Amino acid sequence: MSDGDRIVIVGAGVAGLRAAERLRELGFDGELVIIGDEARKPYHRPSVSKQLVMGTARPSDMTLHAYTDLDARWRLGTRATHLDTAERVVHLPGVEQLWYDGLVIATGVVPRHLPGAMRHDPRVRVLRTVDDALAVRRALAASTRPAVVIGTGLIGCEFAASMRQLGRDVTLVGHARAPLYRFGPAIADSVSRLLAGHRAKLAMKSEIRHWISTKETFGLHLTNNQLVVASCVVLAIGSVPAVDWLRGSGLDISDGVLCEPTLFAEGADDVVVAGDTARWPNLRFDEVPRRVEHWLNAVESARAAAESLLAGRAAATPFTPLPRAWSSLYDVRLQMAGLPALAEDTVQLDRDVTGFVRAGELVGVCTWDRPHAMMRWTAELERRLPAPATTPAPAHAASTAGITRLATV
Amino acid sequence: MSRLRRKSRTRARLSVDNERCELFGICEWEAPALFELGRDGRLRYRRQPAAGELTQAAAAARCCPMQAIELRGGDDE
Ligand SMILES: Cc1cc2nc3c(=O)[nH]c(=O)nc-3n(C[C@H](O)[C@H](O)[C@H](O)COP(=O)(O)OP(=O)(O)OC[C@H]3O[C@@H](n4cnc5c(N)ncnc54)[C@H](O)[C@@H]3O)c2cc1C
Ligand code: SF4
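Values in this document were obtained by computation on a predicted structure and should not be read as measured data. Here the residue index of a chain counts from 1 through its sequence in written order. Here chains are named by letter from A upward and ligands by number from 1 upward, in the order in which they appear as written. Given that this is a predicted model, residues contribute local features only at a pLDDT of at least 70 and side-chain atom pairs are listed and counted only at 80 or more, while totals for whole chains, interfaces and linings are drawn from all residues. Values reported for side chains reflect all heavy atoms of the structure, with hydrogen atoms and water molecules removed beforehand.

For the rest of this paragraph, the subject is the nonpolar core. Put simply, buried Ala, Val, Leu, Ile, Met, Phe, Trp, Tyr and Cys residues joined by side-chain atoms within 4.5 Å make one nonpolar core. Three exposure classes are used, based on accessible area relative to the maximum for each residue type with a 1.4 Å probe and protein chains only: buried under 20%, partly exposed in between, and exposed over 50%. With 141 residues, the main nonpolar core has Val90(A), Ile105(A) and Phe35(B) as its most contacted residues. The contact rule is simple, with two residues in contact once any of their heavy atoms fall within 4.5 Å. The contact partners of Val90(A), leaving out residues within four places of it in the chain, are Val8(A), Val10(A), Ile35(A), Ala80(A), His82(A), Leu83(A), Glu96(A), Gln97(A), Leu98(A), Tyr100(A), Leu103(A) and Trp245(A). Of all hydrophobic cores here, the second largest spans 16 residues; its members include Ile150(A), Ala203(A), Ile208(A) and Val228(A).

See below:
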């Protein structure tokens, strides 16, 4: 590895951090530059809808640490605006261009916007960043009216639980039959009961008919004819990959960045992708490229992407994790393993344990406050869905040959 | 928050912040030699991981949902 080599990481979230850490662990001793558009070092994003929006933790408590010396140049508060894969440069605001020998794309996702929502009203918010959590807290402080959250997925439910823990009234508005319905009827039932038990209001199978906004009042008229006056409205209706800056780069950005099984961007020799924005075929399941938006996947894919980049495209091994995720609602631990989204059907495997089945095969498990059962079922899934065998050398033997070669082409 | 000070010469020490830990048991999955979520729901863990267990310990700390695991001292990998 020569001293002149430079790896650039775009996106200073958990995936960017863990990729940097793995590159150093594996002995990369060239220059490492990390570009992030948030003005903060990487932090624990899951607490945005939990401790940070409740105000029970300070943003500084949530900073992540590296377990090895990163010796990186941080360019925070800086947005990458364009990528030129032929010239191997990342464009930054102004005329600045940053050349690279290797690139890690880890720009994550951004919240989806709701057509018709009054997105410029300060009372209409999303939840992705520390700044978002602080803005929601400001809106809550300005009025004692209830909070409303549109979207009843994990972030919507977590936000509702956070509001009730603060003693604030909250209404959840969603299209689906029940909150978290994609995790099957049993989990949806448990979460509905939990939320109702804590007196969060549910407006399911409904959407917004009108937004009502005057200086004093702000509210929503729902399709179920309910009128909700609100202090703030949080949009939690999913997210879209943050890949605008990759337009014209030649990479396939139809849904995140399309990758090979090794997390190399499709067709690129020197670009790998990690975290929420990577769409790759997990050969443990099938050959269909998919994205996974969970913390553990960001950690694991970042390490795998770093290993791939240093090994080089020809020697890199496929990333074949058994995805695992968690959420917490009040004191209930909700955990997932596998790919529940693939399922055609669900089965009840045990008390508070839902199995997800595709073509008669178990492809995922979700548990409602059963951490021991989750450990057993994760092991069972590993047994039933073994990672396909690969011949190339294991990660620890990965060399820096790939990068050295790139630098000398 | 968890961190490992690389230059430190002391033996590695592992601790879990009880205020933060919500007993998910993900640490046990990552580092079964170091953590055990007991039947009684309590988490037991080894406070002084051996040199060969530091990789596992760091993996647990990175994955812990509550970022409750602190790892200090020792040397990495
Ligand atoms: C509110 C909330 C709660 C969550 N809770 C859980 C949970 O309980 N459990 C769980 O498993 N997962 C949870 N997640 C998901 C988890 O946080 C993500 O999977 C994880 O953060 C993904 O990491 P990442 O590094 O890929 O992306 P991110 O963490 O989003 O980091 C990407 C970074 O890149 C920056 N960026 C984007 N574009 C550019 C650009 N052009 N130039 C420079 N920088 C750029 C972004 O601003 C961001 O800082 C939650 C997510 C949110 C938003
Ligand atoms: S992974 Fe973290 S939260 Fe879970 S039991 Fe271990 S220390 Fe506690």
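Next comes the rest of the account.
Let us now look at the domain arrangement of chain A. All names here are of chain A. Domain boundaries in chain A define domain 1 (6-110 + 240-321), domain 2 (113-237) and domain 3 (331-384). Boundaries between domains were set according to an automatic or database domain assignment. Here the C-alpha centroids of domain 2 and domain 3 sit 28 Å apart. Here the quantity called buried area is the total loss of accessible area, with a 1.4 Å probe, experienced by two parts when brought into contact, counted for both. Taking both partners together, domain 2 and domain 3 bury about 790 Å²; carbon and sulfur atoms supply 82% of that area. A pair is scored as a salt bridge if a Lys or Arg side-chain nitrogen falls within 4 Å of a carboxyl oxygen belonging to Asp or Glu. Connecting domain 2 to domain 3 are zero salt bridges. Counting residues per element, the side of domain 2 that touches domain 3 draws most heavily on helix H5 (residues 185-197), which supplies six residues. Taken together, the residues that form the side of domain 2 that touches domain 3 break down as eight nonpolar, two polar and one charged. The helix and strand labels rest on DSSP assignments: H or I over at least four residues marks a helix, E over at least two residues marks a strand, and numbering proceeds from the N terminus. Polar here means any residue outside two lists: the nonpolar Ala, Val, Leu, Ile, Met, Phe, Trp, Tyr, Cys and Pro, and the charged Asp, Glu, Lys and Arg; Gly therefore counts as polar.

The parts lose accessible area when they come together, and the size of an interface is often stated as this lost area. Each side of the interface is counted separately: chain A has 35 residues, and chain B has 28 residues. When chain A packs against chain B, the two sides together hide about 2700 Å² of surface, and 55% of this comes from carbon and sulfur. The largest per-residue losses of area from chain A upon contact with chain B belong to Tyr67(A), His372(A) and Met375(A), which jointly make up 27% of the total buried on that side. Taken together, the links from chain A to chain B amount to three salt bridges. The partner of Arg62(B) in a salt bridge is Glu25(A), and the shortest N-O contact between them spans 3.6 Å. Here a polar contact is recorded for every N or O atom pair within 3.5 Å, except that within protein the pair must consist of a potential hydrogen donor and a potential acceptor, and residues adjacent in sequence are included only if both atoms are side-chain atoms. Counting the contacts that link chain A with chain B gives nine residue pairs in polar contact (both at pLDDT 80 or more). Looking at the side of chain A that touches chain B, the elements with two or more residues in it are helix H1 (14-25), helix H6 (295-311), strand S22 (324-329), strand S23 (332-338) and helix H7 (371-384) of chain A.

Okay, the sheet that holds strand S15 (residues 227-229) of chain A next. All names here are of chain A. Strand pairing is assigned whenever DSSP detects at least two bridges linking the two strands. The three strands lie next to each other as S13-S14-S15, forming an open sheet whose pairing is antiparallel. Only two strands of the sheet have a single partner each, and these edge strands are strand S13 (208-213) and S15. Averaged over all pairs of adjacent strands, the angle between their axes in this sheet comes to 20°, without regard to strand direction. Pairing of S13 with strand S14 (residues 218-222) involves five bridges; the strand directions are antiparallel. Across the sheet, the residue bridging to Ser 213 is Phe 218, located in S14. Here the axes come from fitting lines to C-alpha atoms, over the contacting stretch only for helices, and the angles between their N-to-C directions go from 0 to 180 degrees.

Moving on, we come to the packing of aromatic side chains. Each aromatic ring pair is specified by the distance between its two centres and by the angle formed by the two planes. Residue and element names in this part refer to chain A. Each pair of aromatic rings taken from Phe, Tyr and Trp, with Trp reduced to its six-membered ring, is defined by centres within 6.5 Å and is described as stacked if the planes are under 30 degrees apart, edge-to-face if over 60, and tilted in the remaining cases. Taken as a whole and judged by the stated rule, the model has four aromatic pairs over all chains. Ring centres of Trp 211 and Phe 218 lie 6.3 Å apart, and the angle between their planes is 45°; this geometry places the pair in the tilted category. For the pair Trp 211 and Phe 218, one class covers both residues: buried. When the ring centre of Trp 99 is taken as reference, the NZ or CZ atom of Arg 6 above it lies at 4.0 Å. For a lysine, the NZ atom is tested; for an arginine, the CZ atom; a charge sits over a ring if that atom is within 6 Å of the ring centre and within 35 degrees of the ring normal.

Let us look at the site of ligand 2. To be near a molecule or strand, a residue needs just one of its heavy atoms within 4 Å of it. For ligand 2, the set of nearby residues contains 13 residues, the closest of which are Cys21(B), Phe24(B), Gly25(B), Cys27(B) and Cys64(B). Of the residues contributing to the shell around ligand 2, the split by class is 11 nonpolar, one polar and one charged.

The next thing to look at is the environment of Ala72(A). Residues and elements named next belong to chain A. Checked against the element boundaries, Ala 72 lands in the loop between helix H2 (51-54) and strand S3 (73-76). The sequence separation of Ala 72 and Val 8 amounts to 64 residues, and the corresponding C-alpha distance is 9.7 Å. Discounting residues that sit within four places of it in the chain, Ala 72 has contacts with Leu 32 and Ile 34.

Let us look at the site of ligand 1. Residues and elements named next belong to chain A. Close to ligand 1 lie 34 residues, the nearest being Asp 37, Glu 38, Arg 45, Arg 128 and Asp 276. Asp 37 is positioned with one of its side-chain polar atoms (N or O) 2.4 Å from an oxygen atom of ligand 1. With respect to ligand 1, the side chain of Arg 45 contributes an N or O atom lying 2.7 Å from an oxygen atom. Here ligand 1, which alone exposes 1000 Å², has 95% of that area covered by the protein. Breaking the shell around ligand 1 down by element, the ones donating at least two residues are H1, strand S2 (31-36), helix H4 (154-165), H6 and S22. Split into classes, the residues belonging to the shell around ligand 1 amount to 15 nonpolar, 10 polar and nine charged. Values of accessible area rely on a 1.4 Å probe in the Shrake-Rupley scheme; residue burial ignores everything except the protein chains shown.

On to the state of the cysteines, then. Residues and elements named next belong to chain B. Cysteine sulfur atoms are paired as a disulfide whenever they fall within 2.5 Å. Across all of its chains, the model carries zero disulfides over all chains by this definition. For Cys 63, which is in no disulfide, the shortest distance to another cysteine sulfur is to Cys 64 and amounts to 9.0 Å. Given the relative accessible area of 10%, Cys 64 is considered buried.

Residues and elements named next belong to chain A. Residues Gly 102 and Val 104 point to one face of strand S7 (residues 102-105) and Leu 103 and Ile 105 to the other, with burial holding for every one of them. Direction of pairing for strand S1 (residues 6-10) relative to S7: parallel, over a ladder of four bridges. Residue pairing across strands places Ile 7 opposite Gly 102, the latter belonging to S7.

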